[in-house]
Each structure stands twice: as structure tokens, then as C-alpha cells.
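Descriptive analysis of the structure
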Amino acid sequence: MKPDQAHRFCIAPMMEWTDRHCRFFHRLMTRRARLYTEMVTTGAVLHGERERLIGFDPFEHPLALQLGGADPRALAQSARIAEDFGYGEVNLNVGCPSDRVQEGRFGACLMAEPDHVGECVAAMKAQVKVPVTVKCRIGIDAQDPEEALETFAAAVERAGVDALVVHARKAWLKGLSPRENREVPPLDYARVYRLKAAHPRLTVVLNGGVASLADAAAHLAFVDGVMLGRAAYQEPWRLIEVDPLMFGARAPFADGSEVAAALIPYIERELARGTRLSAITRHMLGLFRGVPGARAFRRHLASEAVKPGADAAVLVEALALVGKRASEPVAA
Ligand SMILES: Cc1cc2nc3c(=O)[nH]c(=O)nc-3n(C[C@H](O)[C@H](O)[C@H](O)COP(=O)(O)O)c2cc1C
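Below, the structure is looked at part by part.

Conventions and cut-offs
Once a new chain begins, its residue numbering starts again from 1 and follows that chain's sequence as written. Only residues with pLDDT of at least 70 get local features here, since the model is predicted, and only at 80 or more are side-chain atom pairs given and counted; chain-wide, interface and lining totals rely on the full set of residues. The basis for the side-chain values is all heavy atoms of the structure; hydrogens and waters are excluded. What is meant by a nonpolar core is a set of buried Ala, Val, Leu, Ile, Met, Phe, Trp, Tyr and Cys residues, joined one to another through side-chain atoms within 4.5 Å. Relative accessibility decides the category of a residue: with a 1.4 Å probe and only protein chains considered, values under 20% of the type maximum give buried, values over 50% give exposed, and everything between is partly exposed. Labels follow the DSSP assignment, with helices taken as runs of H or I lasting at least four residues and strands as runs of E lasting at least two, numbered in each case from the N terminus. Between two residues, a contact is recorded if the distance between any of their heavy atoms is within 4.5 Å. Residues are counted as near a molecule or strand when any one of their heavy atoms sits within 4 Å of it. Within 3.5 Å is the distance limit for a polar contact, defined as a pair of N or O atoms, with the added protein rule that one can donate a hydrogen and the other accept it, and that residues adjacent in sequence qualify only through two side-chain atoms. Per-residue accessibility takes into account occlusion by the displayed protein chains alone, with areas from the Shrake-Rupley method and a 1.4 Å probe. Cavities and pockets were defined on a 1 Å grid built over protein atoms only: a cavity is a set of grid points that admits a 1.4 Å probe from which the probe cannot escape, a pocket is an open set flanked by protein on both sides within 12 Å along at least five of seven lines, and lining residues are those with an atom within 4 Å of any such point. In this description, a molecule resides in a pocket or cavity if more than half of its atoms sit within 2 Å of the grid points defining it. When residue character is reported, Ala, Val, Leu, Ile, Met, Phe, Trp, Tyr, Cys and Pro are called nonpolar, Asp, Glu, Lys and Arg charged, and the others, Gly included, polar. To get an axis, a line is fitted to the C-alpha atoms, and for a helix only the part in contact is used. The angle between two axes follows their N-to-C directions and goes from 0 to 180 degrees. Each angle receives one of four descriptions, namely roughly parallel if under 35 degrees, roughly antiparallel if over 145, roughly perpendicular if within 65 to 115, and oblique otherwise. For any pair of crossing helices, the crossing counts as left-handed if the nearer helix is rotated counterclockwise from the farther one by less than a right angle, and right-handed if it is rotated clockwise.

What follows covers the nonpolar core. One finds F9, V134 and L164 to be the most contacted residues of the largest nonpolar core, which totals 102 residues. Ranked by residue count, the leading element in this core is helix α12 (residues 256-272), at 6 residues. Among all residues touching F9, those that are not within four sequence positions of it are A33, R34, L213, V226, L228, L239, V242, M246 and F247. In terms of nonpolar packing, the next biggest core, distinct from the first, is built from 10 residues, C10, M14, V205 and M227 among them.

Okay, here's the thing in C-alpha cells:
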């Protein structure tokens, strides 16, 4: 795979959502998409219960650990730990606007400190062989995205960043919740296209509001890769088409029922380790969105998977409630 092919289709880091169970489930549907963990702070990586916080199944590869932090030494040490754990990429979060993150002076507020982010990237690059990437916004608050994103990208490119993921809207650090900051500031895809045109050697991945694989494919005329967040999580059935449509490869499964059936051995393994069924099935609620019986499937999982002792039979029962998607994706 050419280096820029590696980021052609990515699934976004999402706190509380893209945990290891979610990623395993997504990986069943697409063998090629690049997956990202939830953000983990350097403090947690360095001092926390590591296996629980950053452990993963090798089946999840290609997989990136997203770090939150702003101290070059702590980031470099965390990157080293991530590489030793087997991650194939380390990504730095420069997009999260939450108050907690702002108090720690990392996340989106780092858009105001491009040279410092450059130092962080250089420090991480010096410690690891795997790609070091950054996920940012087009600007924050009163910044002019034309200038702010250019200065930021130039700084991280000089530091040797391997790819820059750009959420194509500003973050407004005062007055908006993190959720509003994913919806209210307007999207500006053209700004991201211009960034790629101005930095032909920088791998640029576009993120934000991409609702379908057709939209993703259209963006690929202008950038190296596309990252889907909510659309991938809320309608995971779309992922069955990623390998055929984005990579010209066979789809691993023909439909959602096959995917769910393939997850059962994983569920049994996890239940034996003490995982609750709902911790896994909560990521599957949108698998049949748009299909007759989708609501019954969702309701059955939501009410039954949380009960003590719930096992894979609950998923089998839920699957019996769904019909077929009218335009089922076809394997290439
Ligand atoms: C529930 C949730 C949690 C998120 N957590 C993170 C995170 O940990 N790190 C990060 O960089 N972005 C995070 N984001 C932002 C997404 O990665 C992405 O940039 C954003 O949702 C826009 O993409 P989308 O429109 O395709 O969802 C989160 C988004 C959601 C919905």
C-alpha cells in the first residue's frame, strides 16, 4: 500500500464510543479502514492501568492510539509505550474543545501554539518508528482559518508529521459544549482542499459531517483520505461497503446478519473474561437502521443485553427480528 493509501478511509476517535469492542465490530466489516482509539491522556498512559486503558486485539489493526497532552516529554514517552504495545500509529488530539481538556491546556487550544505542537511532534517522532499524526480543526475562536491552518500545518510538516487529519470546522472554545462544537461552527471543506493543494507532500485527511461513502469518495478527488465519525458509528452497516468502494477489495460479509453472527465467538470469549454483553452490543444498535425490524432489533438488545447473565443468545434472538435491507451492499 502506498503511504497515502494507509489513510484513505479512517474511522474517527470517539470517546465512549470507539472502545475495543466497537473497534473489533467495525473491523469485522472493513479490513482496510484505519481505526482510532478514544483519546487517552498522557497521564493515563504513563500512570494508569495500561492494559485496561490501551489494550486491544491484534485483529483491530491497522490501529492508531490517540493521545491527549501537551508536554513533549510525556507525549514522547507515551508514544513509545504505544509503539511497544503494538499500535501502528500515534495521533495527537488538537481538536477537542471540552473544558476539562482546556484546563489541561491541550486539545483544540493547541491550535494557538503551532510551534509548540511542532515540538511535540518532533519529540514523538524521535522516539518511535510508527507514523506520528495530528488531528486538528481549521482554527479556533477568532482565528482566520486561512492563516491559522496554514501556520499550523507548516509547523507540524516541518516537524515531520506523517499525516494531518483536519476536522473542517473551527472550535469555539467559549460558550459551546463539545457536542455543539461538532455541529454549530460551519463546515469549510474548501479550506481543507486548499491546504492539500498548498502542501502536496503532506498527507491530508478530511473529517467532519461526511455522511456517506459516496460523499467520502467525492472528497478523495481533493485530499488523501477521509475520516468518518458519527456516520460510521450510528450506521455501522455502511462499513460493509468500505473495502469494495474505497479499496477495490472484497467485502468481508454480505450483510449485517452475517456480521453479527461472526461476532458471536468474540462475544463468547469476552463474556468468559467477565465483559457484560451490553458493553459489546451497545455499539450494534444502528446495524440494521433502515431495514424492516430494525427497531425491534434495537429494542431487544437494549432491554435484554443489560440483564444479569445475558449471553450471545440475546443477539441471536434479536437477529431473528430483522428482515433484509432493500439495497443490500454487493461484494466487489
Ligand atoms: C461521541 C464522540 C466522541 C468524540 N471523541 C473524540 C476524541 O476522543 N478525539 C477526537 O479527536 N475527536 C473526538 N470526537 C470528534 C470526532 O473524532 C470527529 O472529529 C467529529 O465527530 C466530526 O466527524 P463526524 O462529523 O464524521 O462525526 C468525538 C465525536 C463524538 C461524536
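The next thing to look at is the site of the ligand. Surrounding the ligand, one finds 17 residues, the nearest of these being Q66, N207, G209, G229 and R230. A distance of 3.3 Å is found between a nitrogen atom of the ligand and a side-chain nitrogen or oxygen belonging to N93. N207 places a polar side-chain atom, nitrogen or oxygen, 2.6 Å from an oxygen atom of the ligand. Expressed as a share of its isolated accessible area of 610 Å², the protein-covered part of the ligand is 93%. The site holding the ligand turns out to be the largest pocket. For the shell around the ligand, the class distribution of residues is 7 nonpolar, 7 polar and 3 charged.

It is worth spelling out the packing of α12 against helix α15 (residues 312-319) at this point. How two helices pack is summed up by the angle between their axes together with the distance between the axes. Contact geometry for α12 and α15: axes closest at 9 Å, N-to-C directions at 165°. Taken as axis vectors, α12 and α15 run roughly antiparallel relative to one another. For the crossing formed where α12 meets α15, the hand is right-handed. On the side of α12, the interface is formed by S257, A260, A261, I264, I267, E268 and L271, while α15 contributes A312, L315, V316 and L319. Among the residues forming the contact of α12 with α15, the class breakdown is 9 nonpolar, 1 polar and 1 charged.

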